[in-house]
Amino acid sequence: MILDQKKTTIAYRCPHCTQSVFSIIGVFTLSGDLIRLKCPCEGSDLTIAYTADKKIRLTVPCLVCPKPHTYTISPGAFFDRDLLTLPCAYTGLDIAFIGTREKVGKAIEETGDQLLKMLKEAGYTDLASLRRQNEDAEDDFLTDPQVEDIVRFMLCELDDEGKIDCYCKEDGEIPYYNFQILSERVRVFCECCNAEATLPLAGPADAAGFLNIDEIHLK
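Just so it is clear, the structure is predicted and the values come from calculations on it, not from any experiment. (Residues numbered from 1 in each chain as written. Predicted model: local features only at pLDDT ≥ 70, side-chain atom pairs only at ≥ 80, totals over all residues. Heavy atoms only, no water.)

Concerning the overall build of the chain
Logical step 1: In terms of regular secondary structure, the chain is built from 7 helices and 13 strands.
Logical step 2: Every one of the 219 residues in the chain was classed for burial, and the buried ones make up 43%.
Logical step 3: Excluding contacts between residues fewer than 6 apart, the proportion of contacts in the chain whose partners are at least 24 apart in sequence is 45%.
Logical step 4: As displayed, the chain offers around 11900 Å² of accessible surface, 48% of which is attributable to carbon and sulfur atoms. (Helix = DSSP H or I, 4+ residues; strand = E, 2+ residues; numbered from the N terminus. Buried < 20%, exposed > 50% of the residue type's maximum accessible area, 1.4 Å probe, protein only. Contact = heavy atoms within 4.5 Å. Areas by Shrake-Rupley, 256 points an atom, 1.4 Å probe, with all protein chains shown as cover.)

Set out below in structure tokens:
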């Protein structure tokens, strides 16, 4: 008997050569050691691994930021959705795409157009200049390197305890929560129903205060 294992397509755009990198990931493939999806130019790679509590952790190179971003999602979100996008926490630009081959291909193409528009609006003709600009901005804002980790930990804890509410729960849908760090605030949102909430984040003290939040209601 041959088992028809779950599988999904994952893709990202290399920040060094800008080409799209695709791979098909199956449940059985992911059950082993860390998976590394490497760009042919060898300038970047995306890694996938299970966490101790059987969630999936992805480390994704960013088109704009100098450092990669880390995401932790459920196996259901990873394998069962037609399209799941993972945005840069600072620009909102999608940098990883998971789902069917057709929808992933279309989404990454659209993001390429968004990137060109962002470069034009910022007054730059190449990606390297924009990355250097955001490296300076990141150094100014993130005075404590644990700020993003604290926010991410808080959201994962509240999500696991069912203490984040949005329209998905009313409609019987499965929500997927994410966040975007902005100047002096953090935007918490659901990628499925687009409900959101904005919380203050002026510095490390506010980030530490996230640990005392009991629940979040997205509207």
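A look at the pattern of salt bridges
Logical step 1: Tallying each qualifying case throughout the model produces 5 salt bridges.
Logical step 2: Measuring nitrogen to oxygen at the nearest pair gives 3.4 Å for the salt bridge that ties E161 to K163.
Logical step 3: Of the charged contacts in the structure, one is a salt bridge between E196 and R187, with a shortest N-O distance of 3.1 Å.
Logical step 4: By relative accessible area, which is 23% here, R187 ends up partly exposed. (Salt bridge = Lys/Arg side-chain N within 4 Å of Asp/Glu carboxyl O.)

Quick look at the nonpolar core
Logical step 1: In this structure, I10, I48, L58 and F78 are the most contacted members of the largest nonpolar core, which totals 32 residues.
Logical step 2: In this structure, L158, C190, L199 and I216 belong to the second largest nonpolar core, which totals 19 residues. (Core = buried A, V, L, I, M, F, W, Y, C linked by side-chain atoms within 4.5 Å.)

Looking at the sheet that holds strand 5 (residues 56-60)
Logical step 1: Strands sit in the order 3-4-5-6 across an open sheet of 4 strands; the sheet is antiparallel. The open sheet has two edge strands with one neighbour each: strand 3 (35-38) and strand 6 (69-73). For this sheet, the mean angle separating the axes of adjacent strands, direction not counted, is 15°. (Pairing = 2+ DSSP bridges. Axes fitted to C-alpha atoms, helices over the stretch in contact; angles between N-to-C directions.)

Brief notes about the sheet that holds strand 10 (residues 177-182)
Logical step 1: With antiparallel pairing, 3 strands are arranged side by side in an open sheet as 10-11-12. The open sheet has two edge strands with one neighbour each: strand 10 and strand 12 (196-201). The average undirected angle you get between the axes of adjacent strands in this sheet is 20°.
Logical step 2: Bridging between strand 10 and strand 11 (residues 184-190) involves 6 bridges; their strand directions are antiparallel. Bridge pairing in strand 11 links I181 to V186.

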